[in-house]
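Structural overview for review
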Amino acid sequence: MKKIITYGTFDLFHTGHLKLLQRLKNLGDHLTVAVSTDEFNASKGKKTIIKFEDRIKIVSNIKCVDAVIAEDSWDQKEADIISNNISVFGMGSDWEGKFDDLNKYCKVVYLPRTEGISSTEIKKSLHPIDKVNINELKRALDIMSSIVEQLD
């Protein structure tokens, strides 16, 4: 049996994630997906919108996914590959070259990203109301107030 493994945060799950998982599954018989924990993401400086427990439930219910594990650290990949008898380690092309050292344990592949969609871009489009946005809104309100005063 040819086993595939991939790793990711899978926050704001979208069609790009789904297409990547489907393409990875097409490379073999069994797909294991390691979902990054909130703690691991925090150590990388990443903040997720969807909590780990929900992200792992979502990924677990994808038809092409056979097994889901937690990703707690960068260092676990080697052990996961060996203990799960993995044939192929796959990631999106944005990680190209970053995991080539794992070629000594299995084949490493980088698949093209789906054009026009990413969790990062979705998060940017949400425009959270933070201190910067509030200050911009205050400046806009001041400008509007001065225009209204000039009209009186």
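Residues numbered from 1 in each chain as written. Predicted model: local features only at pLDDT ≥ 70, side-chain atom pairs only at ≥ 80, totals over all residues. Heavy atoms only, no water.

Its location among the elements puts E78 in helix α4 (residues 76-83). Linking E78 and Y105, residues 27 residues apart in sequence, is a C-alpha distance of 7.6 Å. Excluding its chain neighbours within four sequence positions, the residues that come into contact with E78 are L102 and Y105. (Helix = DSSP H or I, 4+ residues; strand = E, 2+ residues; numbered from the N terminus. Contact = heavy atoms within 4.5 Å.)

Taken in spatial order, the five strands line up as β3-β2-β1-β4-β5 in an open sheet, and their pairing is parallel. Either end of the sheet is taken by a strand with one partner, and the two such strands are β3 (67-71) and β5 (107-111). Shown here is a sheet whose adjacent strand axes are inclined to one another by a mean of 25°, direction ignored. Of the pairings in the sheet, the one linking strand β1 (residues 3-8) to strand β4 (residues 88-92) comprises two bridges and is parallel in character. Paired with I5 across the strands is F89, a residue of β4. Sitting on the sheet, helix α1 (residues 15-25) touches β1, β2 (30-36), β4 and β5, and the angle it makes with β2 is about 145°. Sheet strands touched by helix α3 (residues 52-60): β2 and β3. Its angle to β2, the strand with the most contacts, is close to 165°. (Pairing = 2+ DSSP bridges. Axes fitted to C-alpha atoms, helices over the stretch in contact; angles between N-to-C directions.)

Time to look at the packing of aromatic side chains. Two numbers describe a pair of aromatic rings. These are the distance of the centres and the angle of the planes. With the rule as written, the count across this model stands at six aromatic pairs. Where Y7 meets F89, the ring centres are 5.7 Å apart and the plane angle is 35°; that geometry is what we call tilted. Here Y7 is found in strand β1, whereas its partner F89 is found in strand β4, with 82 residues between them in sequence. Judged on exposure class, the residue Y7 and its partner F89 are both buried. Taking the centre distance of 5.4 Å and the plane angle of 80° together, the rings of F40 and W74 count as edge-to-face. Here the residue F40 occupies a position in helix α2 (residues 38-43), and W74 occupies one in the loop between β3 and α4, the gap between them amounting to 34 residues. (Phe/Tyr/Trp six-rings, centres within 6.5 Å; stacked < 30°, edge-to-face > 60°. Buried < 20%, exposed > 50% of the residue type's maximum accessible area, 1.4 Å probe, protein only.)

The subject of this paragraph is a nonpolar patch on the surface. A cluster of nonpolar side chains, I143, M144 and I147, forms an exposed patch at the surface whose accessible area comes to about 300 Å². Positionally, M144 belongs in helix α6 (residues 131-151). Assessed through its relative accessible area of 52%, M144 is described here as exposed. (Patch = residues over 30% accessible without salt bridge, like charges linked within 9 Å, V, L, I, M, F, W, Y side chains within 5 Å. Areas by Shrake-Rupley, 256 points an atom, 1.4 Å probe, with all protein chains shown as cover. Salt bridge = Lys/Arg side-chain N within 4 Å of Asp/Glu carboxyl O.)

All right, on to the pairing of β1 then. Counting buried positions over the six residues of β1 gives five, a clear majority of the element. Pairing of β1 with β2 involves six bridges; the strand directions are parallel. Paired with G8 across the strands is V35, a residue of β2. Regarding the hand of the β-α-β motif, the stretch spanning β1, α1 and β2 is right-handed. (Right-handed = clockwise from strand over helix to strand, strands pointing away.)

Bringing the side chain of T48 into the picture now. By the element assignment, T48 lies in the loop between α2 and α3. What makes T48 buried here is its relative accessible area of 15%. A polar atom in the side chain of T48 sits 3.3 Å from the side chain of D38. (Polar contact = N/O pair within 3.5 Å; in protein donor to acceptor, adjacent residues only side chain to side chain.)

Attention shifts here to the nonpolar core. Ranked by internal contacts, the top residues of the largest apolar core, which has 17 residues, are L21, L31, V33, V35 and V65. Secondary-structure elements contributing two or more residues to this core are α1, β2, α3 and β5. If near-sequence neighbours (up to four positions away) are discounted, L31 is found in contact with I4, T6, L21, L24, K25, C64, V65, D66 and A67. One finds I5, A34, M91 and C106 within the second-largest nonpolar core, a separate group that totals 12 residues. (Core = buried A, V, L, I, M, F, W, Y, C linked by side-chain atoms within 4.5 Å.)

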